[in-house]
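What follows is each chain in one-letter form.
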Amino acid sequence: MTEEPAPTDGPAGPAPAAGAREGGAGLAPSGGWMVAAGMVAVGIVVMVVALLAAGGAPKLLPAGLLGAGMPLSWSVPVLRFVADAAAVATGGALLAVVLFLPATDGKLGAKALRACQDAALAAGIWAVASIGGLVTTAAVILGIPLAHLAEHAPIAGQLTQVRALAVAVVLTAILAVVLSGCRTLRGARFAAMLTAAALVGPLLTGHGALDRTNVWSVLATSSLVVHVFAATVWVGGLAAVLRYARSRQGVELFSGLALVCAVTMGITGLLTAEIHLGGREEGWALITQWVTTGYGALVFAKAVAFTLLVAGGWWHRRTTLPRLEAGDPVAFRRLAVVELLIMAATIGLAVALSRTP
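Residues numbered from 1 in each chain as written. Predicted model: local features only at pLDDT ≥ 70, side-chain atom pairs only at ≥ 80, totals over all residues. Heavy atoms only, no water.

Describing the side chain of Thr172
Within the secondary structure, Thr172 is located in helix H5 (residues 160–180). Given the relative accessible area of 0%, Thr172 is considered buried. Only 3.1 Å separates the side chain of Thr172 from the backbone oxygen of Val169, close enough to count as a polar contact. Ignoring anything within four residues of it in the chain, the contact list for Thr172 reads Ala123, Trp126, Ala127 and Ala198. (Helix = DSSP H or I, 4+ residues; strand = E, 2+ residues; numbered from the N terminus. Buried < 20%, exposed > 50% of the residue type's maximum accessible area, 1.4 Å probe, protein only. Polar contact = N/O pair within 3.5 Å; in protein donor to acceptor, adjacent residues only side chain to side chain. Contact = heavy atoms within 4.5 Å.)

Right under this line is the structure:
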């Protein structure tokens, strides 16, 4: 989710520039935090609007009925978005450490160590958001105020969503500790595996996993896992390349990764949506339902965002990358920031999709 340089071989993917061949500065720390804050703001706004428009927003209960309450109900998707965004940031920083930034005899350099500390902070945010998501999700599913949750802890512990979030909490907490002391390439690779494991759990409790238990459910869930991994690499990788030093090897490698991720996301996104929508009626559901159902409309909105990102990759190659080759990185950075904001909006749409019937 999603998600997150210099001539590109794929959508939103950088390729080597003269000024980046020996490494170049990424965004300044203050600029990086401003971009991150903008991505969070855009993503949450898009998510809220999408939930309201598609019918996935929390509903007011009739007078006299006890429930979790609207603030708590709205906190569930907000915390989910924060967790997803933090996961993308963690994955992107680790991608930079493992693939883009050189290590000497297995020991990380100064820039890689900075990326590990950024990843540790993001993993900590991911863990805290997962804890909040666990508590609020349990209260909302059980339909009780947060103050009464302790009384129903045994029942809450039996919920599939709560168990998945509990696993994510444990893994992300361990991940934050591992990253805070990471000094070697081997440690960074281990952290990358922990990140992948922490991503999987909540994905197994989505529409496909809950609604059906046949081969289509397995295919939809598997497709979703691959889709999220590709989004994490694409969005997180672009953010990492923009933030950290851009060596020639790193820029060339991400260019290829961007193309692979774009193709993978397009295929798996359509497949997952068609399997979900196809369960409602026969025929090509993406055509018949993207204008007749809220879920289908959100799928179409994600497709539009995806098209914009592909167009952005083409514009990079056509216009901004020649300027980057000439030693002017400003145009590229501006377009890359715009791409990241669009990617944040797609993460918001993805969270809304996960909560839209």
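Quick notes on the confidence of the model for the chain
Predicted confidence across the chain gives a mean pLDDT of 82, with 79% of residues reaching 70 or more. Confidence over residues 1–25 falls short of pLDDT 50; this stretch has 115 contacts with residues more than four positions distant or in other chains. Note that residues 207–212 has pLDDT below 50 and, in this model, 17 contacts with residues that lie over four places away or in other chains. (pLDDT = per-residue confidence, 0-100.)

Side note on unusual backbone geometry
One non-glycine residue with positive phi stands out, namely Asp105, at about 55 degrees. Locating Asp105 in the fold gives a position in the loop between strand S1 (103–104) and strand S2 (107–108).

As for the packing of aromatic side chains
Overall, the coordinates contain 1 aromatic pair when judged by the stated rule. With a centroid separation of 6.2 Å and an interplanar angle of 80 degrees, the aromatic rings of Trp234 and Phe306 are classed as edge-to-face. Of this pair, Trp234 sits in helix H8 (residues 215–243) while Phe306 sits in helix H11 (residues 294–325), and the two are 72 residues apart along the sequence. On the basis of relative accessible area, Trp234 is assigned to the buried category, the value being 0%. In this structure, Arg243 packs its charged tip against the face of Trp33, placed 5.9 Å from the ring centre. (Phe/Tyr/Trp six-rings, centres within 6.5 Å; stacked < 30°, edge-to-face > 60°. Lys NZ or Arg CZ within 6 Å of the ring centre and 35° of its normal.)

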